[in-house]
Amino acid sequence: MSRPPLPLAPEERLIFALDVPGRAQALEWVDRLGEAVRFYKIGMELLASGEYFQVLDALAARGKRVFVDLKFFDIPATVAGVIRGLGRWKIDYCTIHGWHPAMMRAAAEANAGDMRLLAVTVLTSMDGADLRAMGIEREPEQVVVERALAAQAAGIDGVIASGREAAPIRRATGPGFSIVCPGIRPGGPAGDDQKRSMGVAEAFAAGADAIVVGRPIRNAPDPRAAAAAIQAEILAALGVSNQ
């Protein structure tokens, strides 16, 4: 059975993608953003540094929430072993690929702690043409909903998916299934490699529980101010006063 959604304060619904090459740069960003960001996603670029778990521990020591985004995909026994091992750390979200029901069931059964598992449906850098090139003759929304339902049936706690598919996922899965949306572009499409992006308010209106934002904060002239502006958008979208 899936766990209930991760309890999130409004300020924890913004997740910053900490896509940096090492520990020093990661902690510089945490200092730079201060209280404007309380939740961090750490992924594959940081893993290559050899300092991944040092950063994870440092985030936890500073009271930050942690999203391990390594998109595990292997035989069921291997993924189950990874999930059991990650239970030694304070992790809030962790991604696995949503392509293999038996693997997802094994991961869910191995997850004995409070970590929530999110199934990757279709990467936000992909569109219908990319799926067709892979031999999948369906539109992204159809594939995403299909994989979300398979993840839910396997006991996975939620999905990571484009905000464009959040509403159909919510209709299909009902309440209590977590939806985390990357590829969020506060100012609209940015001409980068995110093909299925969406704005902040639209993502929450569609049913997102949290959003992942990287470059719009990282590339801003004042990153902390950019994060604070997104937080204000989230509060407005949730109907929460910032007084």
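Criteria and cut-off values
Residues numbered from 1 in each chain as written. Predicted model: local features only at pLDDT ≥ 70, side-chain atom pairs only at ≥ 80, totals over all residues. Heavy atoms only, no water. UniProt positions renumbered as here; feature names shortened; annotations may be inferred. Helix = DSSP H or I, 4+ residues; strand = E, 2+ residues; numbered from the N terminus. Rg over C-alpha atoms; globule rule 2.2 N^0.38 Å. Buried < 20%, exposed > 50% of the residue type's maximum accessible area, 1.4 Å probe, protein only. Contact = heavy atoms within 4.5 Å. Areas by Shrake-Rupley, 256 points an atom, 1.4 Å probe, with all protein chains shown as cover. Lys, Arg positive; Asp, Glu negative; His and termini not counted. Charge placed at Lys NZ, Arg CZ, Asp CG, Glu CD. Axes fitted to C-alpha atoms, helices over the stretch in contact; angles between N-to-C directions. Parallel < 35°, antiparallel > 145°, perpendicular 65-115°, else oblique. Left-handed = near helix turned anticlockwise from the far one by under 90°. Nonpolar A, V, L, I, M, F, W, Y, C, P; charged D, E, K, R; others polar. Pairing = 2+ DSSP bridges. Patch = residues over 30% accessible without salt bridge, like charges linked within 9 Å, V, L, I, M, F, W, Y side chains within 5 Å. Salt bridge = Lys/Arg side-chain N within 4 Å of Asp/Glu carboxyl O. Disulfide = S-S within 2.5 Å.

With an unreviewed UniProt entry as reference, the protein is termed Orotidine 5'-phosphate decarboxylase, source organism Pseudoxanthomonas taiwanensis. On record in UniProt, under Pathway (unreviewed entry), the comment for the protein is "Pyrimidine metabolism; UMP biosynthesis via de novo pathway; UMP from orotate: step 2/2."

K.L.:
For this particular structure, what's the right way to read the overall build of the protein?
P.N.:
Looking only at helices and strands, the protein has 11 helices and eight strands in total. Computed over its C-alpha atoms, the radius of gyration of the protein comes to 17 Å, within 12% of the 18 Å expected for a compact globule of 243 residues. Dimensions of the protein along its principal axes, counting C-alpha atoms only, are 45 × 35 × 35 Å. Counting the 243 residues in the protein, one finds 53% classified as buried. When contacts within the protein are restricted to residue pairs at least 6 apart in sequence, those whose partners lie at least 24 apart make up 67%. In the form shown here, the protein has an accessible surface area of approximately 10400 Å², with 53% of it arising from carbon and sulfur atoms. For the protein, the distance from the average position of its 27 positive side-chain charges to the average position of its 28 negative side-chain charges is 2 Å.

K.L.:
What's the story with the packing of helix 5 (residues 101-110) against helix 7 (residues 140-154) in this structure? I'm lost.
P.N.:
Any two packed helices are characterised by how steeply their axes cross, that is the angle between the axes, and by the distance between the axes. Across the interface, helix 5 lies against helix 7 with an axial gap of 8 Å and an inter-helix angle of 40°. Looking at the two axes, helix 5 sits oblique to helix 7. For the element pair helix 5 and helix 7, the recorded crossing hand is right-handed. Contacts between helix 5 and helix 7 involve P101, M104, R105 and A108 from the first element and A150, A151 and A154 from the second. Each residue belonging to the contact of helix 5 with helix 7 can be placed in one class, and the counts come to six nonpolar, no polar and one charged.

K.L.:
For this particular structure, what's the right way to read the sheet that holds strand 5 (residues 116-120)?
P.N.:
Pairing is parallel in the closed barrel, where eight strands are placed in the order 1-2-3-4-5-6-7-8. Each adjacent strand pair in this sheet contributes to an overall mean axis angle of 25°, direction not counted. Strand direction decides the pairing type here: strand 1 (residues 14-17) and strand 2 (residues 39-42), joined by three bridges, are parallel. Considered in strand 2, the bridge of F16 is made with Y40.

K.L.:
Got a minute to help me understand the side chain of S162 in this structure?
P.N.:
Looking at the secondary structure, you find S162 in the loop between strand 6 (158-160) and helix 8 (166-173). Given a relative accessible area of 0%, S162 falls into the buried group.

K.L.:
Got a minute to help me understand the environment of Q54 in this structure?
P.N.:
With respect to the helices, strands and loops of the structure, Q54 is situated in helix 3 (residues 52-61). Since its relative accessible area comes to 41%, Q54 is described here as partly exposed. Along the chain, Q54 and A228 lie 174 residues apart, while their C-alpha atoms are 27 Å from each other.

K.L.:
Help me understand a nonpolar patch on the surface, please; the structure alone is not making it clear to me.
P.N.:
A contiguous nonpolar patch, built from F73, W99 and M134 and spanning about 320 Å² of accessible area, is present on the exposed surface. Within the fold, M134 resides in the loop between helix 6 (128-133) and helix 7.

K.L.:
Where do I start with the packing of helix 1 (residues 23-33) against helix 11 (residues 223-238) in this structure?
P.N.:
Relative orientation of the contacting elements helix 1 and helix 11 amounts to 60°, with a least axis distance of 8 Å. Like other packed secondary-structure pairs, helix 1 and helix 11 cross with a definite hand, here right-handed. Contact residues: W29, D31, R32 and L33 in helix 1; P223, R224 and A227 in helix 11. Residue composition of the contact of helix 1 with helix 11, by class: four nonpolar, no polar and three charged.

K.L.:
Help me out: how do you make sense of the state of the cysteines in this one?
P.N.:
Two cysteines form a disulfide when their sulfur atoms are joined by a covalent bond. Taken as a whole and judged by the stated rule, the model has zero disulfides. C94 takes part in no disulfide bond, and the closest cysteine sulfur to it belongs to C181, at a distance of 18 Å. Classification of C94 as buried rests on a relative accessible area of 0%.

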